[in-house]
Amino acid sequence: MLKVNSINRGIVIDHIPVGKGIKIFDKLKLNEADFPVVLLMNVSSNISQKKDIIKIENVMDIDLTLLGLIDSNITVNIIDDNKIIEKKKVEIPGDVTGMFKCKNSRCISNFDDYVTPKFKLVHKNSKLLYSCEYCDELTTYVL
Ligand SMILES: [Zn+2]
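Here the structure is a predicted model, which is why all the values come from computation and not from measurement. (Residues numbered from 1 in each chain as written. Predicted model: local features only at pLDDT ≥ 70, side-chain atom pairs only at ≥ 80, totals over all residues. Heavy atoms only, no water.)

> Explain the overall build of the protein to me, using residue names and the numbers behind them.
From N to C terminus, the protein includes 3 helices and 9 strands. By its C-alpha atoms, the protein is 50 × 30 × 25 Å across when sized along the principal axes. Here the protein, with 143 residues, has 36% of them falling under the buried criterion. Of all intrachain contacts in the protein linking residues separated by at least 6 positions in sequence, the fraction that spans at least 24 positions is 56%. Just so you have it, the protein exposes about 9100 Å², and 47% of that area is on carbon and sulfur atoms. Charge-centre separation for the protein: the mean point of 20 positive side chains lies 6 Å from the mean point of 19 negative side chains. (Helix = DSSP H or I, 4+ residues; strand = E, 2+ residues; numbered from the N terminus. Buried < 20%, exposed > 50% of the residue type's maximum accessible area, 1.4 Å probe, protein only. Contact = heavy atoms within 4.5 Å. Areas by Shrake-Rupley, 256 points an atom, 1.4 Å probe, with all protein chains shown as cover. Lys, Arg positive; Asp, Glu negative; His and termini not counted. Charge placed at Lys NZ, Arg CZ, Asp CG, Glu CD.)

> For the side chain of Ser 131, give the residues involved together with the corresponding values.
For Ser 131, the position within the fold is in strand β8 (residues 129-132). Residue classification places Ser 131 among the buried positions, given a relative accessible area of 12%. Residues within four places of Ser 131 in sequence aside, it is in contact with Lys 118, Phe 119, Lys 120, Val 122, Asp 136, Glu 137 and Leu 138.

> Any chance you could break down the packing of aromatic side chains for me, citing the residues and the numbers?
A complete count under the given rule lists 3 aromatic pairs for this structure. The interplanar angle of 20 degrees and the centroid separation of 4.3 Å between the aromatic rings of Phe 100 and Phe 119 together place this pair among those described as stacked. Highlighted residues: Phe 100 in the loop between β6 (95-97) and α3 (108-111) and Phe 119 in strand β7 (residues 118-123), separated in sequence by 19 residues. Judged by its relative accessible area of 10%, Phe 100 falls in the buried class. Residue classification places Phe 119 among the buried residues on the basis of a relative accessible area of 1%. Arranged with centres 5.8 Å apart and planes meeting at 65 degrees, the rings of Phe 100 and Tyr 130 form a pair that is edge-to-face. Of the two residues, Phe 100 sits in the loop between β6 and α3 while Tyr 130 sits in strand β8, which places them 30 residues apart along the sequence. Put simply, the rings of Phe 100, Phe 119, Tyr 130 and Tyr 141 touch in pairs and so form one group of aromatic residues. (Phe/Tyr/Trp six-rings, centres within 6.5 Å; stacked < 30°, edge-to-face > 60°.)

> Before we move on, could you go through the coordination of the zinc ion and cite the residues and values that matter?
Within the first shell, the zinc ion binds the protein through Cys 102 (SG), Cys 107 (SG), Cys 132 (SG) and Cys 135 (SG), at distances of 2.3 to 2.4 Å. Its 4 donor atoms give the zinc ion angles of 101 to 114 degrees at the centre, a pattern that matches the tetrahedral case. When its relative accessible area of 2% is taken as the criterion, Cys 107 is described as buried. What makes Cys 135 partly exposed here is its relative accessible area of 28%. (Donors = N, O, S within 2.8 Å, 3.2 Å for Na, K, Ca; no water. Tetrahedral: all angles 85-135°; square planar, octahedral: opposite > 155°, others 65-115°.)

> Break down the sheet that holds β7 for me, with residues and values.
The 4 strands lie next to each other as β6-β7-β8-β9, forming an open sheet whose pairing is antiparallel. On the outer flanks of this sheet lie β6 and β9 (138-139), each paired with one strand and no other. By the bridge criterion, 3 bridges tie β6 to β7 in an arrangement that is antiparallel. If you follow Asp 95 over to β7, its bridge partner there is Lys 120. (Pairing = 2+ DSSP bridges.)

Shape descriptors only; they carry no functional weight alone.
As structure tokens, this is what we get:
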């Protein structure tokens, strides 16, 4: 197992599905960070076969709605003094505002700059489907 120094104070985003780590890294703009950040890919895990992990040596707000849209098995650990002081459980969001666009090109949210896309979760099985509040079109979030 590859060794990476543990962090003193910050955030560990764990149990990220393999291949999604780099996308979350980009979404959280960690490539622009001026504090230490680490992306670990294809790490062995007991729960799933392999996973990605992001370690952030900084206290910052992490968008749990975004992580929930990606995978609800992701966990967010808040670290202080080298210990986990809080574990945040990520949940599939029921209501989403402005995170992605409606699939319907004729939808008002796609051409009126003053209309923010709003969605409601309508299906929770293998695929997450979100219904547009303006036109009822179903859209799946793709990272
Ligand atoms: Zn729409």
